[in-house]
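Below, each chain spelled out in residue letters.
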Number of protein chains: 4
Amino acid sequence: MKVRVGINGYGTIGKRTATAINMQDDMEVVGVTKTKPTYEAVAANDLGLPLYVPDESADSFKKAGIKIAGTIKDMYKKADIVVDCTPGSVAEAYKKEYADAGIKGIFQGGEDHSLTGISFNASANYKESWGAQFSRVVSCNTTGLIRTLYPVDKYFKIQSAFATLIRRSADPSDSKNGPINAVEPVLKIPTHHGPDVQSIMPWINIQTMAVKVPTTLMHLHTVTVKLGTEATTEDIVALWKKTPRVKLVSGKSGIKSSAQIMELARDLGRPRGDMYEIVVWEDGTKVVGDTLYFYQAVHQESDVIPEIVDCIRSMCRMEEDPLVSMEKTDKAMGI
Amino acid sequence: MKVRVGINGYGTIGKRTATAINMQDDMEVVGVTKTKPTYEAVAANDLGLPLYVPDESADSFKKAGIKIAGTIKDMYKKADIVVDCTPGSVAEAYKKEYADAGIKGIFQGGEDHSLTGISFNASANYKESWGAQFSRVVSCNTTGLIRTLYPVDKYFKIQSAFATLIRRSADPSDSKNGPINAVEPVLKIPTHHGPDVQSIMPWINIQTMAVKVPTTLMHLHTVTVKLGTEATTEDIVALWKKTPRVKLVSGKSGIKSSAQIMELARDLGRPRGDMYEIVVWEDGTKVVGDTLYFYQAVHQESDVIPEIVDCIRSMCRMEEDPLVSMEKTDKAMGI
Amino acid sequence: MKVRVGINGYGTIGKRTATAINMQDDMEVVGVTKTKPTYEAVAANDLGLPLYVPDESADSFKKAGIKIAGTIKDMYKKADIVVDCTPGSVAEAYKKEYADAGIKGIFQGGEDHSLTGISFNASANYKESWGAQFSRVVSCNTTGLIRTLYPVDKYFKIQSAFATLIRRSADPSDSKNGPINAVEPVLKIPTHHGPDVQSIMPWINIQTMAVKVPTTLMHLHTVTVKLGTEATTEDIVALWKKTPRVKLVSGKSGIKSSAQIMELARDLGRPRGDMYEIVVWEDGTKVVGDTLYFYQAVHQESDVIPEIVDCIRSMCRMEEDPLVSMEKTDKAMGI
Amino acid sequence: MKVRVGINGYGTIGKRTATAINMQDDMEVVGVTKTKPTYEAVAANDLGLPLYVPDESADSFKKAGIKIAGTIKDMYKKADIVVDCTPGSVAEAYKKEYADAGIKGIFQGGEDHSLTGISFNASANYKESWGAQFSRVVSCNTTGLIRTLYPVDKYFKIQSAFATLIRRSADPSDSKNGPINAVEPVLKIPTHHGPDVQSIMPWINIQTMAVKVPTTLMHLHTVTVKLGTEATTEDIVALWKKTPRVKLVSGKSGIKSSAQIMELARDLGRPRGDMYEIVVWEDGTKVVGDTLYFYQAVHQESDVIPEIVDCIRSMCRMEEDPLVSMEKTDKAMGI
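Presented here is a report on the structure given in the accompanying data block. Nothing here was measured: the structure is a model prediction, and the numbers come from that model. (Residues numbered from 1 in each chain as written. Chains lettered and ligands numbered in written order. Predicted model: local features only at pLDDT ≥ 70, side-chain atom pairs only at ≥ 80, totals over all residues. Heavy atoms only, no water.)

## Re the relation of the copies chain D and chain C
At step 1: Superposition of chain D onto chain C requires a rotation of 180° combined with a translation of 0.0 Å along the rotation axis, giving an RMSD of 0.0 Å. In short, the pair behaves as if placed about a two-fold rotation axis. (Least-squares fit on C-alpha atoms with pLDDT ≥ 70 in both.)

The structure is reproduced here in structure tokens:
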């Protein structure tokens, strides 16, 4: 029998999680929730996803002609696990609801590690969430840093790492937030991204700074790593070539910016034009002395999606071997 | 037997044409051409599209490890018709090559009407290209204006029309062109878009102005139409609701800008996140006295693609009834 | 004795009004107000402008080390007239305060005409505000339309006019608002800008539509005018060449977009790089038959500033002849 | 007698150099050169700057009604020194022309250090250009790094430094270049900016990476420095507070991004809204252990201008003491 998954919140992450889960053969979406009768709710309907809404919103959905399957609490009854994709500040309350309903819950990286006490990355700590009632898939940026740094640390020991996160300021579907023409630093430094990586890799020495820039497509990181053992540029590239969910590209082939990465994702026929992999420039990677320099791009809308699928498998005790789960997820999603 | 289509130029339009043709049951792509061994060439390979290259480029493709099927002239031998998606200024020379090879050719709206003497829009003049050796599918903006204005003219007579074209300045995959923070008028007025509409609807009185703005997603038009017969806002909306390849959306449902239109296209599972339809805001349409005001958005990367498919059917005498061809195209493409 | 002017609100318009007034020899700034101890408050201090703050804010200014001259009500006692540059929705309450203090008040175009019953444009209706206690300088876009259309109507009679307003989405100093990459139509059509022009020129037949685009520099209008009497392109250009506060530029000289207009303003040594004039492209102006087509650019931060100065002269009965006032204002401001 | 300065190239840097030099009492602009009769040439004329043009361009200027003073070679005869603000790739040829004319020449940071063998920064190595025939003022980014790092190194010894340069992709007056919505890494790493800092401070251990982002206003750097001696955050801030041409700002006062920095420059009444200082966020500066983290913003259009003035004084043996020259320059420019 398939594991039954409810998705609380049908926005950027929620809708992608729904698509990814229904691509797997061992889990299925039993419902998604939406608070307002928007075009996204209509699209969910069109895709055949049962729509659950807050009690007080039922009328507005009916008025808009959108079919609903029940209230959010009705959805809990159908689900083994809920993927919480709600916006910030309400997670604590929802966690209690999931607990009361006797179901499991996965939270997003926008929440603090302390909410669940366990954070998840498939490569680095799949087993820590085994059988857990609650876990948290770390944020897009943290996932990005772990995907590339975990194998480097495993094979070449990281003495210290530093990353500057050049962050997209709004998602492509957001026409409200700016800036239109400015760059904004995150003044509280070092930023929280370093400690967030440490929620998965507590032993790593990493610091981060961050700025917001006027783009919607992807985050981009500049990363420097002081290596503990000797390595060449070729060693690092070879390592990442065999690392799941890391994709090497080259400026020489015309991929000069985040724009061409997104074009590649569209050309590959990915759902919603998503790039689930962390993208590293092969010709933007270099070891000089004991220091590794590289650029990587993170598709904030989608890189955590395969991690969520794996997290479900770990929490619901569906597959013990992380590599088997990851391979299964990736194959189903066309990665 | 399927009609065999070669695609000369595998960029924004070429790659989409390839995808659309291979979705049809009465035509197939026999090859695409590419001049440089870019990531797009690799993607074409991955999709199983035979790649033809200029004589002098074969080496660079081999060096890049990209499999090629032959030279561009080799492709002509396999094709009944070529969809020319080459950049500007070389069409004249290619037309001669197609003629010499004894095959048909479809050109894009970037070329002048005089190149072929026939221009194409499926709703408005499908039959004019019947059996023709050469035709030209009008540009994205012109296609957009014809899609909405042709039915309005048919049912309510257009006395005069005026449109301001607010144009995206670069496609999403283009990281070179700006402006980053400016608006640029097209100073030669009235702009060429009016006469281009007249290449399909020679009787219509239409003038246009245009500006370029710093966005990559879609063009947006403000249109005013002086109607010849009485009509209400509801009449116009009802007409467009049944017009093929015109899609009505509403600001009330959350579609406030081109950003949410593109999000909707992604949510609908469209290949490359394309919106083939001309999108009109229902709550941004209004008849006041004898004047119709409306906004429409044009996805410059994809709105002409279904027209190209229909144009092939007309030129190759595959289906006489425009409505049957359009329905067949749209069904196959998920429109 | 100079007329004493208080400025309520020291943001985009307030700070420019202060600069412009202190450039005149018949009026002076007696104070500006600010609610928060920002860098702009510091700059006001540095410029020697007495700073008045709300009662409850005095402490926060002291804590930030910013010298204040008193409360907002203290400022009223020093002023003959207040230029209200407060944000939306509080004008009604302030109007009462100015009335209670027995002083005059000028409001901005963000407020409704009904607030004051009189709206102001120096060229078109200077005398209507003569001696008035309250008046309203129309918005940047409305001012822009009146500057060019009023003389055209006077000399060539406007039968009807239509404008599409391509609006900047945020001011240069605003890093919060977007969109970053989208175009957003103003769905309620025709937009309010037409009626706003009619608050000054009630006899004119004008309709407008509007979109927001991702730029900070200037608004840009496409305008079409059906002329009542015969005119050539040259007639119109010659008329605008002698119209105050209208500036003709040319694409041929390198001014291709709003970016180069702003550069020109900087090169001319204008305070804050402001372009007080409405800028019309000479090679983007054309009469075809009875219709005039043109593009104009509006610097939203500054085009109303000289109007505010003239409005003070009219309301305070300082100069009867509008042309004399305008010339005086413009000479002092370097226009 | 004033030193006579010719300016070869009247673009972004050339026009600012002209303004700055004419603000000094010991040097004057004897001419500027321009190759095309653009609006910038008109503005130069309006400012009373003698305009020199290539032989073959004289006609086009006359046709455009722009007064010229002679050919470029005529300007050499009037000048003691030329500030070369020509675009890339022609410096070598011009250097020969200046040598042949027996005059001195200053080049910009776009040229290689090897062109002149001497590079210039007023604080760090004023005396190296003393009496030199040719020198080179390092680029805006390099100047920015030296302004903040030189004093830190002097007082607290820099063991190693690393900077990520988040670069504006086009200047405000440029409406041609993009990207509109992408981030582009500089793939050749470490980038050339480190060695360029070393052209002034050869002993320093510094590495850099860089990305281009869609903004026109300023570059922004994230910088980390491993300190050789103990220092607190307060020590560093206090040091920069007394460092010339470094300006501390605070997010708390509303300066959250490059947008508000540019607004501040406009509010301060700076010519063209320029910010000559390197701007460092006081609340974005922090020492953790032996590492200093900070953000700084660089106004690419103007930060080198005061350096150029000082470089003239050093090369022409006008003032021996760098601090006296800098103070004189800054006072005249209102810094």
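Okay, back to it.
## Focus: helix α5 (residues 91–101) of chain A
Residue and element names in this part refer to chain A.
At step 1: Looking only at α5, the buried set comprises Ala91, Tyr94 and Tyr98. Taken around the axis of α5, the buried residues stretch over an arc of 60°, which confines them to a single face. Away from the buried face of α5 by more than 90 degrees, exposed residues Glu92, Lys96 and Asp100 are located.
At step 2: Looking at the packing, one finds that the buried side of α5 touches β1 (3–8), α4 (72–78), β5 (81–84), β6 (104–107) and β8 (134–137).
At step 3: Gly102 sits one or two positions beyond α5 and adopts a positive phi of about 70°. (Buried < 20%, exposed > 50% of the residue type's maximum accessible area, 1.4 Å probe, protein only. Helix = DSSP H or I, 4+ residues; strand = E, 2+ residues; numbered from the N terminus. Arc of directions from axis to C-beta. Contact = heavy atoms within 4.5 Å.)

## Notes on the interface of chain A and chain D
At step 1: Counting residues at the interface gives 41 residues for chain A and 41 residues for chain D.
At step 2: A buried area of about 3300 Å², summed over both sides, lies between chain A and chain D, and 69% of it is on carbon and sulfur atoms.
At step 3: Three residues stand out in chain A for area buried against chain D, namely Val183, Leu187 and Tyr295 of chain A, and they jointly supply 19% of the buried area on that side.
At step 4: Summed over the shared surface of chain A and chain D, the number is 0 salt bridges.
At step 5: At the surface where chain A touches chain D, the tally comes to 15 residue pairs in polar contact (both at pLDDT 80 or more).
At step 6: Looking at the side of chain A that touches chain D, the elements with two or more residues in it are β9 (158–168), β10 (184–185), β11 (206–213), β12 (219–227), α10 (258–267), β14 (278–288) and β15 (291–298) of chain A.
At step 7: Of the residues forming the side of chain A that touches chain D, the biggest block, 6 residues, is contributed by β14 of chain A. (Buried area = accessible area lost by both parts, 1.4 Å probe. Salt bridge = Lys/Arg side-chain N within 4 Å of Asp/Glu carboxyl O. Polar contact = N/O pair within 3.5 Å; in protein donor to acceptor, adjacent residues only side chain to side chain.)

## Side note on the interface of chain D and chain C
A common way to report how large an interface is uses the accessible area buried once the components associate.
At step 1: On the chain C side, the residues contacting the 27 residues of chain D number 27 residues.
At step 2: For the pairing of chain D and chain C, the buried interface totals around 2400 Å² over both sides, and the portion due to carbon and sulfur atoms is 49%.
At step 3: Here chain D and chain C share 8 salt bridges between them.
At step 4: As a salt-bridge pair, Arg266 of chain D and Glu301 of chain C come within 2.7 Å of each other at their nearest N and O atoms.
At step 5: Across the contact surface, chain D and chain C share 18 residue pairs in polar contact (both at pLDDT 80 or more).
At step 6: Mapped onto the side of chain D that touches chain C, the elements with two or more residues apiece are α1 (12–21), α2 (39–46) and α11 (258–267) of chain D.

## Describing the relation of the copies chain A and chain D
At step 1: When chain A is fitted onto chain D, the two copies agree to an RMSD of 0.0 Å after a turn of 180° and an axial shift of 0.0 Å.
At step 2: Of the residues that chain A buries at the interface, 100% are likewise interface residues in chain D, meaning the two copies contact each other through the same surface.

## A few points about the sheet that holds β15 of chain A
Residue and element names in this part refer to chain A.
At step 1: The 7 strands lie next to each other as β10-β11-β9-β12-β15-β14-β13, forming an open sheet whose pairing is mixed. The open sheet has two free edges, formed respectively by β10 and β13 (246–249), since each of these has just one partner strand.
At step 2: Pairing between β14 and β15: 6 bridges, direction antiparallel. Each residue of the ladder has a partner; that of Val287, found in β15, is Leu292.
At step 3: Strands in contact with helix α9 (residues 233–241) are β13, β14 and β15; relative to β14, the strand with the most contacts, it is inclined by about 160°. (Pairing = 2+ DSSP bridges. Axes fitted to C-alpha atoms, helices over the stretch in contact; angles between N-to-C directions.)

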